[in-house]
Amino acid sequence: MICVNAVKAMDAADPLAYKRGEFQLPAGKIYLDGNSLGALPLSVIDRLQATVLEQWGDDLISSWNRHGWIDLPQRVGEKIAPLIGAATGQVICCDSISVNLFKLLATALHMRPGRSVILSVEGNFPTDLYMAQGLSTLLKEQTCQLQQVSESALLDSIDESVAVLLLSHVNFRSGAILAMQAITAAAHAAGALVIWDLAHSAGALAVELDARNIDFAVGCGYKYLNGGPGAPAFIYAARRHHSAIKQPLSGWMGHRNPFAFEPQYRPGEGVQQFMCGTPPILSLAALDAALDVLADTSIEQRRQKSLALGELFVDLVMQCELADALQLQSPTQAEQRGSQLAWSHPQAYGLCQAWIEHGVTADFREPDILRVGFSPLYTSFRDIYEAVERLRAVLASGTHLDPRWQQREKVT
Ligand SMILES: *Cc1c(COP(=O)(O)O)cnc(C)c1O
């Protein structure tokens, strides 16, 4: 039996425990949803204050030069690069994952003439599939079609018709990790490219993009990078592909010289040509400051702690009556999952809502998943203990069966 004293000892021995003080967290509440929206770093408050009041307020348009606003997408991209194992000049911070996937899918199809298939797996994040479907409608089936196969059939489905694989490194629902290196190698052997979605990896797991010979990747600014709601996403494009980039959202910020105001589009160099319109400076400034919070921690430390938090959660569930109520839908081997756990339960939505009322925030994912995320920078082992105790209280009292939970909110 794991007792509360053992959990306190884990916190006392945690080398990342001090990081919690760098975040604003609601008193008395436990936040297990940092995989969906990262918590607010205190330094972001000061940075936004300065950006709004001093830069926008006082320096107005001169801030584009004076405060380097114009280069912020590149600078933030360079700050993200070491987190994903990328050398300089290959990452830029812009737009959303969805929009960035559109640019990359179009580029990949262009790089593989005669091949029309975008290959993905069932259960991939819907926006990835939707963007591929939209591009297919635009380009017509003969030049672009989405094929979805089961994970177990993936490798056997890569043939000469496949232009590009579109895959999430960590599954958003189950947390299962795909074998990035082996799949990329198999795709390359068949002449196909791969786009990796790192939404649930960047900041939480080691991702060695350069070392694994990855082609393209996208990732999220508002999950483990704590950039705030709607923070811009990022694009990685391996340097060897830069001369082949051809993306259709050819806005002026991707132009070689936006302020020449030429009538004809000429792409900028390297990843700059993935820019489209004017960058969202407030959001970029927030993300820029948030990234500094990660700087004095290593990915090994973060990964080790998030694995330990997840394992504690599993162990605490398994030693009590929750073991009969909840079914683990994530891989049982900790190393095979990201920084989250998925539990199925017939009343998962009610369970999640009642848990939130008991001060523990997690989220619900269709059809019956209670999803629990572990952010190693601000989640304590005591949080996990307390969260499981409160979940036991919810189930024992039956508050998850409240008819109020029949109606779902817009965001679950
Ligand atoms: C969160 C998430 C996204 C978000 O996409 P946006 O277009 O930035 O909203 C995309 N893919 C995956 C796998 C995600 O988890």
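Residues numbered from 1 in each chain as written. Predicted model: local features only at pLDDT ≥ 70, side-chain atom pairs only at ≥ 80, totals over all residues. Heavy atoms only, no water.

Draft legend 1. Layout of the environment of Arg 173. Mapped onto the elements, Arg 173 comes out in the loop between β7 (162-168) and α7 (180-189). Considering only alpha carbons, one finds Arg 173 and Trp 343, 170 residues apart in sequence, at a separation of 9.6 Å. For Arg 173, the contacting residues outside a window of four places in its chain are Gln 340, Ala 342, Arg 365, Glu 366, Pro 367, Ile 369 and Arg 371. A distance of 2.7 Å separates a polar side-chain atom of Arg 173 from the backbone oxygen of Glu 366. (Helix = DSSP H or I, 4+ residues; strand = E, 2+ residues; numbered from the N terminus. Contact = heavy atoms within 4.5 Å. Polar contact = N/O pair within 3.5 Å; in protein donor to acceptor, adjacent residues only side chain to side chain.)

Draft legend 2. Highlighting the nonpolar core. One finds Ile 84, Leu 165 and Trp 196 to be the most contacted residues of the largest nonpolar core, which totals 46 residues. Listing elements by their share of this core, those giving two or more residues are α4 (72-80), β4 (91-93), β5 (117-121), β7, α7, β8 (193-197), β10 (234-237) and α8 (281-294). Examining the composition of this core, we find that six residues originate from one element, α8, more than from any other. Both domains that meet at this core, namely domain 1 (4-41 + 298-406) and domain 2 (68-294), each give it at least three residues. (Core = buried A, V, L, I, M, F, W, Y, C linked by side-chain atoms within 4.5 Å. Buried < 20%, exposed > 50% of the residue type's maximum accessible area, 1.4 Å probe, protein only. Domains from an automatic or database assignment.)

Draft legend 3. Seen up close, the pairing of β5. Burial runs high along β5: five of the five residues are buried. Residues Val 117, Leu 119 and Val 121 point to one face of β5 and Ile 118 and Ser 120 to the other, with burial holding for every one of them. Where β5 lies against strand β6 (residues 145-149), five bridges are found, and the strand directions are parallel. When the bridges of β6 are listed, Val 117 appears paired with Gln 145. Once the chain exits β5 it traverses helix α6 (residues 126-139) before rejoining the sheet at β6, and the crossover so formed is right-handed. Of the pairings in the sheet, the one linking β5 to β7 comprises three bridges and is parallel in character. Directly across from Leu 119, in β7, lies its bridge partner Leu 165. (Pairing = 2+ DSSP bridges. Right-handed = clockwise from strand over helix to strand, strands pointing away.)

Draft legend 4. Examining helix α2 (residues 42-59) more closely. The end-to-end C-alpha distance of α2 is 24 Å, a good match for the 26 Å that 18 residues give at a rise of 1.5 Å each. At Thr 51, α2 shows its strongest bend, of approximately 25°. Of the positions making up α2, those classed as buried are Val 44, Thr 51, Gln 55 and Asp 59. Where the residues of α2 are buried, they touch β3 (40-41), α3 (63-66) and α8. Of the residues trailing α2, Leu 60 is marked for its positive phi of about 40°. (Expected span 1.5 Å × (residues − 1). Bend = angle between axes of the 7 residues up to and from the residue.)

Draft legend 5. Quick look at the sheet that holds β6. With respect to topology, seven strands assemble into an open sheet ordered β4-β10-β9-β8-β7-β5-β6, the strand pairing being mixed. Looking along the sheet, the strands with just one partner apiece sit at the ends: β4 and β6. Neighbour to neighbour, the strand axes of the sheet diverge by 20° on average, direction disregarded. Examined bridge by bridge, β7 and β8 share five bridges and lie parallel to one another. Across the sheet, Leu 165 pairs through a bridge with Val 194, a residue of β8. Its contacts with the sheet place helix α5 (residues 97-111) against β5, β7, β8, β9 (216-219) and β10, and it is angled at close to 170° to β9. Strand contacts of α6: β5, β6, β7 and β8, with the helix running at about 145° to β6, the strand carrying the most contacts. (Axes fitted to C-alpha atoms, helices over the stretch in contact; angles between N-to-C directions.)

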